[in-house]
Amino acid sequence: MSKNELGDNLILSAKRNVSRRRFLGYAGATSALIITAASCKKDQAGSTSGNTVDLGSGDTGVLNYAYALEQLEAAFYIQVITSPYSGISALEMSYLSDVRDHEVAHREFFKAALAGSAIQGLTPDFSSIDFTSRTSVLGTAKAFEDLGVTAYNGAGKLLVSADYLLIAGKIVSVEARHAATIRDLISPGTFADMTALDANGLDTANTPSTVLATAGKYIKETISASKLPTS
Amino acid sequence: MNLQNIFSEIENKDPEILERLNTRRNAMRDFAKFSGKVAIASLPFALGSMFKKAYGSPTAPTDIIIDTLNFALTLEFLESNFYIKAVASGVIPAGQATSDLTTIRDHENAHVAFLTSAISAAGGTPVTYTAASFDFTAKGTFPTVFSDYGLLLAVAQTFEDTGVRAYKGQAGNLITNNDYLTAALQIHSVEARHAAHLRAMRAANGSLIPAGVTVKPWITLNQSGIDSPAVQPSYDGEEATSQANVNIIGIGGNSYIDDKAASEAFDEPLTKDQVTAIVTPFFA
C-alpha cells in the first residue's frame, strides 16, 4: 500500500466524524508517518533497567509489545530451520521456512519502524523445547501462533492510530494463517477448532498481561507492560 | 483507545471544538454524566453522540459502526449460504474434506448469528438475506461451482481471502468502539484460518492451479493460484513489499526475505467499494 493510500484509508475512516477541511490537519501529520509521529507524542519509548525491559507507553508501547512477540517467534523459527527435527517432511520444511521468513520480516519491520523507541533485542530461553522432536517443535509453534493471534486481537483496541491498527491487522491474519497451518500439520482439520474459537465462531483476544505470562517463559529478560494502555 | 489523548489531539487540530461542545468543563461534565449512566460497553456511543452534537454530522460514529457491521454481516451471509449449499451439494469427498467444510460452514453461520445480535444490541437494524438472495455461479462465470469440487474450493478460497481483506479494510471504521473492533478482529483471524486451510486443501487437490504456481496457506505476491481471471481483483494489491514506508525485501540484511516472502508476510486490505465490486456478481 502506498503512503497516499494509507492516508486515504485514514481519511475514509475519520472524515465522517470531522469535516474534511479540518481533517486535513491530521492527514498531513499522519501521512508523514512512521511510528514516531502523530498520536504518539506523549508516548514513552521502550527502555531497559537491569533485567527488566519496559515496553513503554501509548501506541509505541503496544508496538513494542508486538515487537517483543515477533522477536520470540523469529528466534524460534530460525532455530527450527537451523536444526530441523528428525523426520521433517519436505512440505513441513517448506512451510516452516516460509513462517520463519514472515516472522523475521515482522520483527525487522517493527525494529525499523520503532527506530529509537524500540526495546532492545531480547534473549530467548528455549531450554524447555526439544528441537529434535516434531511433537515439541510443532506443539510450541502452535502455542506461539495461537498466542500471537490472541495478542494482536487483544491489542487492536489499545491502539489510537488507525495506521498502526491497519498494520497490526495486516500481520495478525498472517499469524492466523500460520496457526491454522501448524495446527493442520499436527492434526488435520484442527485449523480453527474449539480449542481456539468460542461458540460464536470467534478467535480469542487476550490482554498483554495474559499473553506475556506465557510468552515470558521463553524470554530471559522480564517484560514490563505496566505502562501500556488498558483500553 | 485513550479518550484523553483523542480530546487533546482534536483540540490541537480544531481549537473550536471546545466552543462547539460549549465549554470543556461542560463537555467533560456531560460526558461524565453519560459515563455514569451507561454501561462501559456503550461508552463509545456516548462519545459518538458528543461528536454528533459538536459537528451536527448526519453520519455520527454510531452510524458508521452499524453500517460497517452490516457490511460484515452481508459478507457472512454470502459465505454462510455458500457453504450450506456446498456441503449439501454431494460433490465434496466424504471424510476429512466434508468435515472441514462443515466446520467452516458452522463458523460462518455463527458469525451471522453473532453479528445480527450485535447490530440489534447496538440499536441498528441487521440486514438479512436468504438462499434466494445469492447466485453462486456469479451470473454464469462459475456454472459448475456446486458440481466441480476443484471449482468449489477455488470459490471458497476466494471468498475467505476476500473476507480477510474486507475486515482488515473496515477496522479503522470501528476504532472508536473497543468492543466492536475487538469482535471484528476476532472474526477476521478466523477467516484467515479458513483461508489458510482452504488453500492447503487446494494445494493438495491440485485442480485449477495455473502451471508454475505453488499455492500456499499464505498469499504470494498477487497470485490467486486459481486458473480464472475472474478472481484476480481479490488478489490485486497483495503484492505489496513495502509497509509504512519500510521496504521489507531483504530487511535487516536478511537476503532470504525476497519479494515473495515480503508480500506473504503482510496481508493487504480492500476498501468497501472494492469488496462490493467483487461480491456483487454473487448476488441474485
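The model shown is predicted, which means the values in this text are computed figures rather than measured ones. (Residues numbered from 1 in each chain as written. Chains lettered and ligands numbered in written order. Predicted model: local features only at pLDDT ≥ 70, side-chain atom pairs only at ≥ 80, totals over all residues.)

Engineer: Sorry if this is basic, but what is going on with the overall build of chain B here?
Structural biologist: Broken down by element type, chain B carries 10 helices and 2 strands. Burial statistics for chain B: of 284 residues in total, 46% are counted as buried. Long-range contacts, defined as pairs at least 24 residues apart, comprise 61% of the intrachain contacts of chain B with a sequence gap of at least 6. (Helix = DSSP H or I, 4+ residues; strand = E, 2+ residues; numbered from the N terminus. Buried ≥ 20, exposed ≤ 12 C-beta atoms within 10 Å, placed from the backbone. Contact = placed C-beta atoms within 7 Å.)

Engineer: Which parts of the structure should I look at to understand the confidence of the model for chain A?
Structural biologist: Note: predicted coordinates in regions of low pLDDT should not be interpreted at a detailed level. Residue and element names in this part refer to chain A. With 82% of its residues at a pLDDT of at least 70, chain A reaches an overall mean of 87. Ignoring residues within four places in sequence, the model shows residues 1-34, a span with pLDDT below 50, making 53 contacts including any to other chains. For the stretch residues 36-40, pLDDT sits under 50, and the model shows 17 contacts to residues farther than four places along the chain or on other chains. (pLDDT = per-residue confidence, 0-100.)

Engineer: It is not clear to me how the confidence of the model for chain B should be interpreted in this structure. Could you clarify?
Structural biologist: All names here are of chain B. Here chain B averages 86 in pLDDT, and 79% of its residues register 70 or above. Predicted confidence for residues 17-61 stays below pLDDT 50, and this span has 46 contacts to residues more than four positions away or in other chains. Two numbers describe this predicted complex: its pTM, 0.83, and its ipTM, 0.85.

Engineer: Whenever I open this one, helix 5 (residues 134-155) of chain A confuses me. Can you help?
Structural biologist: An α-helical segment advances 3.6 residues per turn. Residues three or four places apart therefore align on the same side. Here helix 5 of chain A spans 31 Å end to end across 22 residues, near enough to the 32 Å set by a 1.5 Å rise per residue. Of all 22 residues that make up helix 5 of chain A, 17 are buried, and the element is covered over most of its length. (Expected span 1.5 Å × (residues − 1).)

Engineer: Would you mind going over the packing of helix 4 (residues 90-114) of chain A against helix 6 (residues 162-186) of chain A with me for this structure?
Structural biologist: Relative orientation and spacing of two packed helices are given, respectively, by the angle between their axes and the distance between those axes. All names here are of chain A. Between helix 4 and helix 6, whose axes approach to 11 Å, the crossing angle comes to 155 degrees. For the element pair helix 4 / helix 6, the angle class is roughly antiparallel. Both helix 4 and helix 6 take part in a crossing whose hand is left-handed. Contacts between helix 4 and helix 6 involve E92, Y95, V99, H102 and H106 from the former and I171, V174, H178, T181 and L185 from the latter. Partitioned by chemical class, the residues of the contact of helix 4 with helix 6 number 5 nonpolar, 4 polar and 1 charged. (Axes fitted to C-alpha atoms, helices over the stretch in contact; angles between N-to-C directions. Parallel < 35°, antiparallel > 145°, perpendicular 65-115°, else oblique. Left-handed = near helix turned anticlockwise from the far one by under 90°. Nonpolar A, V, L, I, M, F, W, Y, C, P; charged D, E, K, R; others polar.)

Engineer: Looking at this model, I keep getting lost on the sheet that holds strand 1 (residues 47-49) of chain A. Mind explaining?
Structural biologist: Note on sheets: strands pair through backbone hydrogen bonds, and any given pair is parallel or antiparallel. Residues and elements named next belong to chain A. In spatial order, the strands read 1-2-3; together these 3 strands make up an open sheet with mixed pairing. The open sheet terminates on both sides in strands that have one partner only, identified here as strand 1 and strand 3 (222-224). Here the strands of the sheet are splayed against their neighbours by 25 degrees on average, with no regard to which way each runs. As judged from the 3 bridges shared by strand 1 and strand 2 (residues 52-54), these two strands associate in the antiparallel manner. Counted as the bridge partner of S47 is D54 from strand 2. (Pairing = 2+ DSSP bridges.)

Engineer: What am I meant to see in the environment of N222 of chain B here?
Structural biologist: Residue and element names in this part refer to chain B. Here N222 is to be found in the loop between helix 8 (178-205) and strand 1 (242-243). The spatial distance from the C-alpha of N222 to the C-alpha of D236 is 5.3 Å, given a sequence separation of 14 residues. Beyond its immediate stretch of four places on either side in the chain, N222 contacts Y235, D236, G237, E238 and E239.

Engineer: Any chance you could explain the environment of T135 of chain A here in plain terms?
Structural biologist: Residues and elements named next belong to chain A. Here T135 is to be found in helix 5. Assessed through the 10 C-beta atoms surrounding it within 10 Å, T135 is described here as exposed. Between the alpha carbons of T135 and Q44 there is a distance of 40 Å; along the sequence they are 91 residues apart.

Engineer: What's the story with unusual backbone geometry in this structure? I'm lost.
Structural biologist: A negative phi holds for most residues other than glycine; trans holds for most peptide bonds. For A115 of chain A, which is not glycine, the phi dihedral falls at a positive 45 degrees. By secondary structure assignment, the location of A115 of chain A is in the loop between helix 4 and helix 5. Classification of A115 of chain A as exposed rests on a count of 11 C-beta atoms within 10 Å. The phi dihedral of A244 of chain B falls on the positive side, at around 50 degrees, and the residue is not glycine.

Engineer: In this structure, what is going on with helix 6 of chain A? I would like to understand it.
Structural biologist: Taking 1.5 Å of rise per residue, 25 residues should cover 36 Å, and helix 6 of chain A covers 36 Å from first to last C-alpha, within 8% of that figure. Counting buried residues in helix 6 of chain A gives 23 out of 25 residues, a clear majority hidden from the surface.

Engineer: How should the packing of helix 3 (residues 58-82) of chain A against helix 4 of chain A be read in this particular structure?
Structural biologist: All names here are of chain A. In the contact formed by helix 3 and helix 4, the axes pass within 8 Å of each other and the chain directions differ by 145 degrees. As helix 3 runs across helix 4, the sense of the crossing is left-handed. The class makeup of the residues in the contact of helix 3 with helix 4 is 13 nonpolar, 5 polar and 6 charged.

Engineer: For this particular structure, what's the right way to read the nonpolar core?
Structural biologist: In a soluble, globular protein the nonpolar side chains are often hidden away together inside. Membership of the largest hydrophobic core comes to 132 residues, with the highest contact counts inside it found for A168 of chain A together with A184 of chain B. Excluding residues that lie within four positions of it along the chain, A168 of chain A makes contacts with A66, Y152, A155, G156 and L159 of chain A. (Core = buried A, V, L, I, M, F, W, Y, C linked by C-beta atoms within 7 Å.)

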